[in-house]
Every structure is written in structure tokens, then in C-alpha cells.
Amino acid sequence: MAGAFIEASCFNAAKFPAESELPEIAFAGRSNVGKSSLINALLNAKLAHVGGTPGKTRSINFYKTEFNDVKLRLVDLPGYGYASRSKSERSEWLKLVSAYIAQRKNLILTCHLVDFRHGLLANDKELQEWLNSYKRDIFVVFTKADKIPKGKWRSTMQNYIMTQGLYSVNVPIITSSENSSGKRAGIDELKNFLAEFIKSKQQAN
Ligand SMILES: Nc1nc2c(ncn2[C@@H]2O[C@H](COP(=O)(O)OP(=O)(O)OP(=O)(O)O)[C@@H](O)[C@H]2O)c(=O)[nH]1
Ligand SMILES: [Mg+2]
């Protein structure tokens, strides 16, 4: 890979980069679920700011990269569900994120990040309904899997699939972006999935 870089950090839709031909994969989910950390793991770089407190990413950030010879942009969306956020901040969030979700032609797939310890909470279900209302494809990616013993991964995943009525274009991928020895998981699998998903969409057009 020729390296990844941040192309734009936008607080309003007028600043989004020109669409060109690059397909985009967005990363959405509750504040603190690990969106920026997962993007860094996928890019193998520390480009996205990661925070110990929820509400770290406030802008929409576009990262240009390449997976298996497929050129794409990863799009880091600000998180939702941050309880102490004021009403005006929540409406700013909605304005910015809906400008992207409603209008962006190149958005090919939204990865919905869900904490593997909790599964989908009420506002995750709202997000899924909302994305569906725009006919957006959703792919569920579980995060922070290192917080659950590996022996329980299968049964935990089965349980969520059976009981949560989640929307996902494929069986969710279980990931850990934690970089300490041996804890990273699911990152190459996710890269391969995204590259194949983009290829199949491009062939269908
Ligand atoms: N153990 C563990 N911690 C993680 C993992 N991914 C992220 N974290 C931690 O979770 C916290 C939040 O991570 P971020 O990547 O900033 O989360 P975010 O979803 O981008 O948050 P907002 O920008 O606030 O919406 C940080 O303290 C990370 O170090 C993971 O896979 N495992
Ligand atoms: Mg973030």
C-alpha cells in the first residue's frame, strides 16, 4: 500500500471532498465504541484521534487508502449517544451526519460498530432504522472483543444474531483494535471483506 492519509476533516457538508470515483465506507456507532481506533488499525497508522472520554471525534474525517488494490475512503463519523451532550450539540450531530448519509453518492457501505460486550442498545437500533430509511447497506462490526474471553466469542455472536434482529449485509465480524501483544483481531478479515464488497458492487454496475 502506498500509505494512507487524511484528506479532510469537516464540520459542515460544504467541506466534504469532491466525490470523484472513490467508493466510501463509513464507520458509525455510539461514542467511545472504537470507531477511530478501528480506522487506525485498518490503516496501520495513528491518524485518527482516539479518546478516553466519549465525544472525541466531532467532525467527519475522510481517509484515503487502498486494500488489496482497491482504492477507497474510510469515513470516521462522530459518535452518538453521548449522554452529557447538550441539545444543540445533538442537533449539530444530526445535521452533519444526515447531510452525509442522505446525500453522499459514493457511500457504498456503513459499518455499524457495536461493543461486543453489550450488543445493540436502544440507540443502536434507532441508528439501524435510520440508515434503513435511507436505504443504506449496513454491516455490523463488533468491537473490543479482547474484553471477552475468546472461548465465548462464538456463543456471544450466536446469541446476538438470534435475539437482536440486527441488520447486516453479512455475518458480523468480531474485532479488537487493542494493539498490545496478540490482542488485535479481525482486522485483516475486515479489510478483505471491504475490498470484496466494493469489487462486487463495482462489477454489478
Ligand atoms: N480494550 C479495547 N479498547 C479499545 C478498543 N478500541 C478502542 N478502545 C478504547 O476505547 C476508547 C474509545 O476509542 P475511540 O476509537 O476514540 O472511540 P470512538 O468510537 O472513535 O469515539 P468517539 O470519537 O467519541 O465517537 C479509547 O480509550 C480506546 O483506546 C479495543 O478493541 N479494545
Ligand atoms: Mg472517534
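All of the points below concern the structure found in this document. (Residues numbered from 1 in each chain as written. Chains lettered and ligands numbered in written order. Predicted model: local features only at pLDDT ≥ 70, side-chain atom pairs only at ≥ 80, totals over all residues. Heavy atoms only, no water.)

We now examine the site of ligand 1. Around ligand 1, 22 residues are found, and the nearest of them are Lys35, Ser37, Gly55, Asp146 and Ser177. Measuring from an oxygen atom of ligand 1, one finds a side-chain N or O atom of lysine 144 at 3.0 Å. For ligand 1, the accessible surface in isolation is 650 Å², of which the surrounding protein chains cover 87%. Residue composition of the shell around ligand 1, grouped by class: 3 nonpolar, 12 polar and 7 charged. (Near = heavy atom within 4 Å. Polar contact = N/O pair within 3.5 Å; in protein donor to acceptor, adjacent residues only side chain to side chain. Areas by Shrake-Rupley, 256 points an atom, 1.4 Å probe, with all protein chains shown as cover. Nonpolar A, V, L, I, M, F, W, Y, C, P; charged D, E, K, R; others polar.)

It is worth spelling out the pattern of salt bridges at this point. Applying the stated rule across the entire model yields 9 salt bridges. Linking glutamate 24 and arginine 73 is a salt bridge whose minimum nitrogen-to-oxygen distance equals 2.7 Å. Of the two residues, glutamate 24 sits in strand 2 (residues 24-29) while arginine 73 sits in strand 4 (residues 70-76), which places them 49 residues apart along the sequence. The pair formed by glutamate 24 and arginine 73 is uniform in burial state, with each residue classed as buried. Here lysine 71 makes a salt bridge to glutamate 66, at a shortest N to O gap of 3.8 Å. For lysine 71, a relative accessible area of 51% corresponds to the exposed category. Linked through salt bridges whose partners overlap, the residues forming this network are Glu7, Glu19, Glu24, Lys64, Arg73 and Arg104. (Salt bridge = Lys/Arg side-chain N within 4 Å of Asp/Glu carboxyl O. Helix = DSSP H or I, 4+ residues; strand = E, 2+ residues; numbered from the N terminus. Buried < 20%, exposed > 50% of the residue type's maximum accessible area, 1.4 Å probe, protein only.)

Of all the 9 residues making up helix 1 (residues 35-43), 8 are buried; the element is thus mostly covered by neighbouring parts of the structure. What helix 1 keeps buried is the set Lys35, Ser36, Leu38, Ile39, Asn40, Ala41, Leu42 and Leu43. Each element contacted by the buried residues of helix 1 is listed here: strand 2, strand 3 (60-67), strand 4, strand 5 (107-115), strand 6 (138-143) and helix 5 (187-204). The positive-phi residue at the C-terminal boundary of helix 1 is asparagine 44, with phi of around 55 degrees. (Contact = heavy atoms within 4.5 Å.)

Glancing now at the coordination of the magnesium ion (ligand 2). The protein atoms that coordinate the magnesium ion (ligand 2) are Ser36 (OG) and Thr57 (OG1), at distances of 2.0 to 2.2 Å. Note that serine 36 is positioned in helix 1 and threonine 57 in the loop between helix 1 and strand 3, a separation of 21 residues in sequence. Using a relative accessible area of 9% as the deciding quantity, one classes serine 36 as buried. (Donors = N, O, S within 2.8 Å, 3.2 Å for Na, K, Ca; no water.)

With that settled, the discussion passes to the nonpolar core. The biggest cluster of nonpolar side chains holds 28 residues, and the ones touching the most others in it are Ile25, Phe27, Leu74 and Leu194. Breaking this core down by element, the ones donating at least two residues are strand 2, helix 1, strand 3, strand 4, strand 5, strand 6 and helix 5. Here this core takes 7 residues from helix 5, the largest share from any one element. Ignoring sequence-local partners within four residues, the contact set of phenylalanine 27 consists of Lys35, Leu38, Ile39, Leu42, Leu74, Val75, Asp76, Leu77, Cys111, Leu113 and Leu194. Counting residues in hydrophobic clusters, the runner-up holds 20 residues, among them Cys10, Phe62, Leu131 and Ile138. (Core = buried A, V, L, I, M, F, W, Y, C linked by side-chain atoms within 4.5 Å.)

Mapped onto the secondary structure, asparagine 61 falls in strand 3. Within the structure, asparagine 61 has its side chain in polar contact with the side chain of serine 59 (distance 3.3 Å). When residues no more than four places from it in sequence are discounted, the contact partners of asparagine 61 are Ile6, Ala8, Ser9, Leu74, Val75 and Asp76.

Limitation: the analysis is restricted to geometry and does not speak to function.
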